[in-house]
Amino acid sequence: LPGRELRAGLAEVVKYGALGDADFFDWIESNAAALLACDPHALSEAIARSVRHKAAIVARDEHESGERALLNLGHSFAHAIEAEQGFGGLVHGEAVAVGMVLAARLSARLGLAAAAPADRLAALLQRLDLPTALPSGLDASRLLERMRLDKKNVSGRLRLILWRDIGRAIIVPDVEEAPVLATLASPG
């Protein structure tokens, strides 16, 4: 894969540690350089563990009635970024990296999590040469408008995948828009 696509894929790998496996997250931190260098053993381990995580979640929730939504950590923000930028902006994994950091920062803003885990997530993504802040020129209000259209929302209310800590993602229904807008408007 081209380097940019490899790094974008690594954002999805980080997602599995961030949403449900703190030990895997630790492993990724310890092996970030090997992953970027395309070490075959590190890549094989990362892929195998990611696939096992996804398969286990999908097996427990085949009909997308609950836990499977956790696989969308960062994606509500990411899809809004992608839609607002159109083609030529961030690729999907890059947008997911930014989205995960925004979800972690929103979790802290809402009092669901401490701020330090969000900083740790951002630091790992930066080590993997991934973006962690919104690209310049995107308007927070327009991004929120796009997020209102997300298929995970219920009865017109934001339903987001946030977290309590690394490895502990949660589904949060009925998220107020004001803290989401404040998170989108905050630099880095």
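Before reading on, note that the structure itself is shown above.
This text gives an overview of the structure that appears in the document. Note that the structure is a prediction, hence the values are computed from the model and not measured.

## Section: the overall build of the protein
Looking only at helices and strands, the protein has eight helices and two strands in total. For the protein, the sequential pattern of α-helices and β-strands runs α-α-α-α-α-α-α-β-β-α. Here the protein has a C-alpha radius of gyration of 16 Å; the compact-globule value for 188 residues is 16 Å, and the two agree. For the protein, the proportion of contacts with a sequence separation of at least 24, taken over those separated by at least 6, is 67%. On the protein, roughly 8800 Å² of surface is accessible, and the fraction owed to carbon and sulfur atoms is 53%.

## Brief notes about the nonpolar core
Counting residues in each nonpolar core, the largest one holds 62 residues, and the members touching the most others are Val14, Ile28, Leu121, Val180 and Leu184. Per element, the largest residue contribution to this core is ten residues, and it comes from helix α5 (residues 92–109). The residues contacting Ile28, other than those within four sequence positions of it, are Val13, Val14, Leu35, Leu124 and Leu128.

## Re the packing of helix α7 (residues 140–147) against helix α8 (residues 177–185)
Angle between the axes and distance between the axes: these two values describe a pair of packed helices. Axis separation between α7 and α8 bottoms out at 9 Å; the angle between their running directions is 130 degrees. Overall, the two elements α7 and α8 adopt an arrangement that is oblique. Pair α7 / α8 crosses with right-handed handedness. In this structure, α7 uses Ala140, Ser141, Leu143, Leu144 and Met147 to contact α8, whose residues at the interface are Glu177, Val180, Leu181, Leu184 and Ala185. Across the contact of α7 with α8, the residue classes break down as eight nonpolar, one polar and one charged.

## What about the pairing of strand β2 (residues 169–175)?
When strand β1 (residues 158–163) meets β2, the two strands line up antiparallel, connected through five bridges. Bridge pairing in β2 places Leu158 opposite Val175. Here β1 hands over to β2 after five residues, with Gly167 in that stretch at a positive phi of 85 degrees.

## Describing the environment of Glu5
As for its placement among the helices and strands, Glu5 is situated in helix α1 (residues 3–20). Spatially, the C-alpha atom of Glu5 lies 21 Å from that of Ser30, the residues being 25 residues apart in sequence.

## What to know about helix α4 (residues 75–85)
For α4, the full list of buried residues reads His75, Ser76, Phe77, Ala78, Ala80 and Ile81. Looking at the buried residues of α4, the elements they touch are α1, α5, α7, β1 and α8. One or two positions beyond α4, positive phi appears at Gly86, with a value near 70 degrees.

The rules behind each value
- Residues numbered from 1 in each chain as written.
- Predicted model: local features only at pLDDT ≥ 70, side-chain atom pairs only at ≥ 80, totals over all residues.
- Heavy atoms only, no water.
- Helix = DSSP H or I, 4+ residues; strand = E, 2+ residues; numbered from the N terminus.
- Rg over C-alpha atoms; globule rule 2.2 N^0.38 Å.
- Contact = heavy atoms within 4.5 Å.
- Areas by Shrake-Rupley, 256 points an atom, 1.4 Å probe, with all protein chains shown as cover.
- Core = buried A, V, L, I, M, F, W, Y, C linked by side-chain atoms within 4.5 Å.
- Buried < 20%, exposed > 50% of the residue type's maximum accessible area, 1.4 Å probe, protein only.
- Axes fitted to C-alpha atoms, helices over the stretch in contact; angles between N-to-C directions.
- Parallel < 35°, antiparallel > 145°, perpendicular 65-115°, else oblique.
- Left-handed = near helix turned anticlockwise from the far one by under 90°.
- Nonpolar A, V, L, I, M, F, W, Y, C, P; charged D, E, K, R; others polar.
- Pairing = 2+ DSSP bridges.

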